[in-house]
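Next come the chains, spelled out residue by residue.
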There are 2 protein chains.
Amino acid sequence: MSRFAAATAVVARGDGSFDAEISPEWAIGDRPNGGYLVAIMARAAVEAVTAAGAPHPHPLAAAATYLAAPPPGPALLLVDVLRTGRTASQARVALMQEGRARVEAQFTLGRLGEAAPRWSGIPLVELPPAGDCVRLPADPPGRFQVPLFNELELRVDPAVMGWAAGKPEFTGEVRGWLRTTDGTEPDPFLLLLAVDATPPATFDLGSTGWVPTLTLSTYVRAAPAPGPLRFRQRAGLVADGFVDEVCEVWDSRDRLVASATQFAAVRFPD
Amino acid sequence: MSRFAAATAVVARGDGSFDAEISPEWAIGDRPNGGYLVAIMARAAVEAVTAAGAPHPHPLAAAATYLAAPPPGPALLLVDVLRTGRTASQARVALMQEGRARVEAQFTLGRLGEAAPRWSGIPLVELPPAGDCVRLPADPPGRFQVPLFNELELRVDPAVMGWAAGKPEFTGEVRGWLRTTDGTEPDPFLLLLAVDATPPATFDLGSTGWVPTLTLSTYVRAAPAPGPLRFRQRAGLVADGFVDEVCEVWDSRDRLVASATQFAAVRFPD
């Protein structure tokens, strides 16, 4: 079992609920990555919908609302299957600790197809070769630890890395390459994490500190081919202490395999 | 009371639930518009969060999952306040008919500010004057009725209206002007409808029939100034019978006031 599969495993209790163990390793500082939590919740949703007889093994869409950052440790997942259908099923999952919901998410599940896309309005992100990009360290000097970057190798285009030296470029964008460090190939569940694994695009606008996500909506559009993923996250509007950010992910065959938008709180030095 | 306020009114039962009446007038054919349903549900969320003591009168983010199209008529709204906080609160709302949830939505509520945006990566859509745009009819020849367009005046840029004459332009975009027909000025709740009121951007790609939304995520970023709204909806990826579409809305002061993304099923003639 890959490190990602082990860190996102769920165990059915038989009453529609599931046990999970939130790892301290897929975290930013001591807070589990938000996309990592969605991946755990998606596994419970798929198991519940499959147990209800619907042939829907893949997450197609996820919308998560973050109520409180759950510390690493045991969690209980409560799943409500809202609808089973022919081409898609829908479920709600609550991630609970100590009797309190920490995250709630809605899932649309189905079966990802193999056909080529009919049309795309989203051009492939252009990147330098991975070897010319900057690997993000898990232990950056002067910043908090990012254990997640021991699990995922993120290499960022140096053209949008000025913020790391205190000189943001004000493009509002971060882009680069992503793969697992244990060699596990990407799958639809890893994409739920990949869309939230990048540094905030607002770092390039001079924002400081953590950018806590309030809500994250993800679409998984294809099962990714083996090989590295490309990503691009862009800030939309920064206003009133909030930002929306869009993230897109492509596989090694240059297909768009996932996209996501999130609404987060953001701080600036002044 | 404006027609929109009347059509989205909710009445508290005093036990955390609310009564609403789904109007047949804010509909596409005989199916209520999905954004209209979110606006009703947002009113219940705001009332419940306000009753819980949080000063959060505005929807900031909404994520809705559509389970079954509710027919016009009475509906019961069940609200769970998930968290009350200092700058934002969160709630889940289920829209029920005959004991079944038809739509579930998560809301993040707060208070929209007055400050100018700090940064925007989303340029204003350029449009011809409203008088040079094509008003969408409520009773189009050869297509189903759209009562919604008696309530909202949508005027679409003729450059992306080829589909109406059977000649799509394959831009994957629809853009234009929007205002209420009774003169009601836009407010944050109307924006929840506006982001879903446009014809599908896939019409310009040759899609046929209704494009049923599976999930819709909306951010409201500012209280809109009086006057007409501008909108632009763009298709992202069309694959495997599904499409994602992004819609952005600006107010008469050219400020981005709302953005949304939806995941929908889509059909083509071949």
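Residues numbered from 1 in each chain as written. Chains lettered and ligands numbered in written order. Predicted model: local features only at pLDDT ≥ 70, side-chain atom pairs only at ≥ 80, totals over all residues. Heavy atoms only, no water.

Caption draft 1: Layout of the pairing of strand 5 (residues 58–66) of chain A. Residue and element names in this part refer to chain A. For strand 5, the tally of buried residues reaches nine of nine residues, placing the bulk of the element in the interior. Sheet topology note: the strand 5/strand 8 (residues 100–110) ladder contains eight bridges and is antiparallel. Along strand 8, the bridge assignment pairs Ala63 with Gln106. (Buried < 20%, exposed > 50% of the residue type's maximum accessible area, 1.4 Å probe, protein only. Helix = DSSP H or I, 4+ residues; strand = E, 2+ residues; numbered from the N terminus. Pairing = 2+ DSSP bridges.)

Caption draft 2: Highlighting the packing of aromatic side chains. Scanning all chains against the criterion turns up 10 aromatic pairs over all chains. Summarising the aromatic geometry, the rings of Trp26 of chain B and Tyr36 of chain B are spaced 6.2 Å apart at their centres and angled 15 degrees between planes, so their arrangement reads as stacked. On the criterion of sequence distance, the pair formed by Trp26 of chain B in the loop between strand 2 (17–22) and strand 3 (27–28) and Tyr36 of chain B in helix 2 (residues 34–51) is long-range, its members being 10 residues apart. Relative accessible area serves as the criterion here: at 2%, Trp26 of chain B is assigned to the buried category. Given a relative accessible area of 0%, Tyr36 of chain B falls into the buried group. An aromatic cluster is present here, built from Phe4, Trp26 and Tyr36 of chain A joined pairwise through their rings. A cation over a ring is seen here: Arg43 of chain A above Phe189 of chain A, with NZ or CZ 4.4 Å from the ring centre. Arg118 of chain A extends its terminal NZ or CZ atom over the ring of Phe268 of chain B, reaching a point 3.8 Å from the ring centre. (Phe/Tyr/Trp six-rings, centres within 6.5 Å; stacked < 30°, edge-to-face > 60°. Lys NZ or Arg CZ within 6 Å of the ring centre and 35° of its normal.)

Caption draft 3: The relation of the copies chain B and chain A, seen in detail. Superposition of chain B onto chain A requires a rotation of 180 degrees combined with a translation of 0.0 Å along the rotation axis, giving an RMSD of 0.0 Å. Expressed as a symmetry operation, the mapping of one chain copy onto the other fits a two-fold axis. Interface overlap between copies: 100% of the residues of chain B at the interface are likewise at the interface in chain A, consistent with a symmetric, same-surface contact. (Least-squares fit on C-alpha atoms with pLDDT ≥ 70 in both. Contact = heavy atoms within 4.5 Å.)

Caption draft 4: Main features of the interface of chain B and chain A. Residue-level contacts link 50 residues of chain B with 50 residues of chain A. Together, the buried faces of chain B and chain A total about 4500 Å²; carbon and sulfur atoms form 56% of this surface. Inspection of the chain B/chain A interface yields four salt bridges. The partner of Arg92 of chain B in a salt bridge is Glu104 of chain A, and the shortest N-O contact between them spans 2.6 Å. On inspection of chain B and its partner chain A, the count reaches 30 residue pairs in polar contact (both at pLDDT 80 or more). (Buried area = accessible area lost by both parts, 1.4 Å probe. Salt bridge = Lys/Arg side-chain N within 4 Å of Asp/Glu carboxyl O. Polar contact = N/O pair within 3.5 Å; in protein donor to acceptor, adjacent residues only side chain to side chain.)

Caption draft 5: Examining the pattern of salt bridges more closely. In this structure the tally under the stated criterion is 31 salt bridges over all chains. In this structure, Arg92 of chain B and Asp80 of chain B form a salt bridge, with 3.2 Å as the shortest nitrogen-oxygen distance. Of this pair, Arg92 of chain B sits in strand 7 (residues 89–97) while Asp80 of chain B sits in strand 6 (residues 73–83), placing them 12 residues apart in sequence. The shortest N-O distance in the salt bridge between Arg155 of chain B and Glu153 of chain B comes to 2.7 Å. With relative accessibility at 11%, the residue Glu153 of chain B sits in the buried group. A cluster of three or more residues bridged by salt bridges with shared partners is formed by Arg135, Glu153, Arg155 and Arg179 of chain A.

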